[in-house]
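Here's the letter readout for the chains.
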Amino acid sequence: MNALHKSVHHSAVFDHPEMGDHEDIVFVQDKATGLKAIIAVHDTTLGPALGGCRVWPYENPADALTDALRLSRGMTYKNSLAGLDLGGGKAVIIADPRKDKSEALMEAFGRHVERLSGTYITAEDVGVSPDDMEAVARQTAHVRGTKATGLGDPSPYTALGVFEGIKASTKFVYGSSDLSGKTVSVQGLGHVGHDVARQLHEAGARLIVSDIHAPAVLRAIDAFGATAVDPAEAHMVEADIFVPCALGAGLNARTVPQIQAKIVAGAANNQLQTPADGEALKKRGILYAPDYAINAGGVISIALATADSGDKLVREKTIAIGETLATIFERAAREGSTPERVADTMAEERLAKAKSA
Ligand code: NAD
């Protein structure tokens, strides 16, 4: 009795530190396929909760819950700020994507998404392939970014939004969005980073590039006449703009004091390790483009494209990321705030307005 009481107490979710305003948290179990998943719907004020499905070998369900709660809340903010009529949600499947995934497992996940009747709309995230999503789509219509529902790979739109965001940042700092002659350090040359580098090159910027994967660096040297640096030094080279397009938490107590650039604007998710790192950038006079604002092109393409719509609307909304960032920068300067705090406030203001309407 005592042990039971204790375990119930320790697994309580309602006082979870990330619980916030979440509307639904669904724990999914399918014994036949071994599926264990959590679907978190954070907020549906603006519309159905759209957010990707992540497959990750979490050490325990508590870590999976924490991730689902944080990521779904993040999607509410991202979708709100991007001007989408969609709420925020996220699914996590507790499994090793290399060993445990099967068609049957993904189909079982799809059946559980279907049961939510469209409150949650799923899409690809870390550990999920296009084929996995096709399996999900055989069981539910509440899925985006599959062959039948959209434009396919979202990264070209993410890259377009990042490029527009870099121009808006450059305009704010230098008074003109002209990139010719600017030196830009691009860290990470994957799907997004390479395409951002291409656009920067075409706009006349001088490129310094880095990646832990040598062929990606060679490709950028060949295509753009770029100079290579060690990935660990990408943030500290003499450059006007630093563009992180690798992994998160690259802006931290060690790296921020070493940055030479006047602007940090890139695609990577969760760039600031802590809020204090955003304050530190501001103190150093470095303009930071909030990650979830500048990298929203991908979710815009997933949300708005239909099989036969073409990409006109998606491109328009993605290009508008530049205007959103200009608004954020001006307001942050006016209020003595940081861009990431203003971005959060603007996302919350849109939600509050929709709630009171
Ligand atoms: P990707 O896996 O295609 O590319 C990442 C690249 O970074 C790889 O080439 C990898 O070798 C390199 N890399 C990894 N660690 C590195 C390090 N320490 N230093 C330098 N390079 C390193 O991923 P992607 O789709 O291009 O996404 C890049 C970033 O943008 C990620 O943080 C992702 O979460 C974020 N993002 C992507 C999209 C999208 O549409 N793909 C949308 C929003 C955000």
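Fair warning: this is a prediction, and the values are worked out from it, not measured in the lab.

1. Considerations on the nonpolar core
Piece 1. Membership of the largest hydrophobic core comes to 58 residues, with the highest contact counts inside it found for Ile 166, Leu 200, Leu 207, Leu 325 and Ile 328.
Piece 2. Of the residues forming this core, the biggest block, six residues, is contributed by helix H5 (residues 155-174).
Piece 3. Mapping this core onto the domain boundaries places at least three of its residues in each of domain 1 (3-71 + 86-137) and domain 2 (155-352).
Piece 4. If we skip the residues at most four places from it in the chain, Leu 200 touches Phe 163, Ile 166, Leu 179, Val 184, Val 186, Ala 205 and Leu 207.

2. Topic: the sheet that holds strand S10 (residues 241-244)
Either a parallel or an antiparallel arrangement is found when strands of a sheet pair, and the pairing is made through backbone hydrogen bonds.
Piece 1. Overall, parallel pairing links the six strands, which are arranged S9-S8-S7-S10-S11-S12 in an open sheet. In the strand order of this sheet, the two ends are held by strand S9 (227-228) and strand S12 (287-288), each with one partner.
Piece 2. Of the pairings in the sheet, the one linking strand S11 (residues 263-264) to S12 comprises two bridges and is parallel in character. The residue bridging Val 264 from the neighbouring strand is Tyr 288, located in S12.

3. Some remarks on the site of the ligand
Piece 1. What surrounds the ligand is a group of 19 residues, the closest being Thr 158, His 191, Val 192, Asp 211 and Ala 246.
Piece 2. In the model, an oxygen atom of the ligand is placed 3.3 Å from a nitrogen or oxygen of the Ala 267 main chain.
Piece 3. One of the side-chain N or O atoms of Asn 269 is found 2.9 Å from an oxygen atom in the ligand.
Piece 4. In isolation the ligand offers 830 Å² of accessible surface; the protein chains occlude 72% of this area.

4. Some thoughts on the UniProt feature "active site" (unreviewed entry) in the chain
Piece 1. As recorded in UniProt, the sites labelled "active site" (unreviewed entry) are Lys 90.
Piece 2. Of note, Lys 90 is situated in strand S5 (residues 87-94).
Piece 3. Lys 90 sits in the buried class, given a relative accessible area of 5%.
Piece 4. Ignoring sequence-local partners within four residues, the contact set of Lys 90 consists of Ile 38, Ile 39, Ala 40, Gly 51, Gly 52, Ala 68, Leu 71, Ser 72, Met 75, Tyr 120 and Asp 125.

5. Considering the packing of aromatic side chains
Geometrically, a pair of aromatic rings is defined through the distance of the ring centres and the angle of the planes.
Piece 1. The full count for this structure, using the stated rule, is one aromatic pair.
Piece 2. Each ring, one from Phe 172 and one from Phe 329, has its centre 5.5 Å from the other, and the planes form 45 degrees; the classification is tilted. Here Phe 172 is found in helix H5, whereas its partner Phe 329 is found in helix H12 (residues 321-335), with 157 residues between them in sequence.
Piece 3. With a relative accessible area of 1%, Phe 329 lands in the buried category.
Piece 4. The ring of Tyr 174 is capped by Lys 182, whose NZ or CZ atom sits 4.2 Å from the centre of that ring.

6. Re the pairing of strand S7 (residues 183-187)
Piece 1. The buried count for S7 comes to five of five residues, which makes it a mostly enclosed element.
Piece 2. Note that S7 and strand S8 (residues 206-210) share five bridges and pair parallel. Following the sheet pairing, Val 184 is matched in S8 by Leu 207.
Piece 3. In this region the chain leaves S7, passes through helix H6 (residues 191-202) and returns to the parallel neighbour S8; the handedness of that crossover is right-handed.

7. Remarks on the domain arrangement of the chain
Piece 1. Structurally, the chain comprises domain 1 (3-71 + 86-137) and domain 2 (155-352).
Piece 2. Centre-to-centre separation of domain 1 and domain 2, based on C-alpha positions: 29 Å.
Piece 3. For the pairing of domain 1 and domain 2, the buried interface totals around 470 Å² over both sides, and the portion due to carbon and sulfur atoms is 81%.
Piece 4. The tally of links from domain 1 across to domain 2 stands at zero residue pairs in polar contact (both at pLDDT 80 or more).
Piece 5. Of the residues assigned to the side of domain 1 that touches domain 2, the class counts are four nonpolar, one polar and one charged.

Rules used in this analysis
Residues numbered from 1 in each chain as written. Predicted model: local features only at pLDDT ≥ 70, side-chain atom pairs only at ≥ 80, totals over all residues. Heavy atoms only, no water. Core = buried A, V, L, I, M, F, W, Y, C linked by side-chain atoms within 4.5 Å. Buried < 20%, exposed > 50% of the residue type's maximum accessible area, 1.4 Å probe, protein only. Helix = DSSP H or I, 4+ residues; strand = E, 2+ residues; numbered from the N terminus. Domains from an automatic or database assignment. Contact = heavy atoms within 4.5 Å. Pairing = 2+ DSSP bridges. Near = heavy atom within 4 Å. Polar contact = N/O pair within 3.5 Å; in protein donor to acceptor, adjacent residues only side chain to side chain. Areas by Shrake-Rupley, 256 points an atom, 1.4 Å probe, with all protein chains shown as cover. UniProt positions renumbered as here; feature names shortened; annotations may be inferred. Phe/Tyr/Trp six-rings, centres within 6.5 Å; stacked < 30°, edge-to-face > 60°. Lys NZ or Arg CZ within 6 Å of the ring centre and 35° of its normal. Right-handed = clockwise from strand over helix to strand, strands pointing away. Buried area = accessible area lost by both parts, 1.4 Å probe. Nonpolar A, V, L, I, M, F, W, Y, C, P; charged D, E, K, R; others polar.

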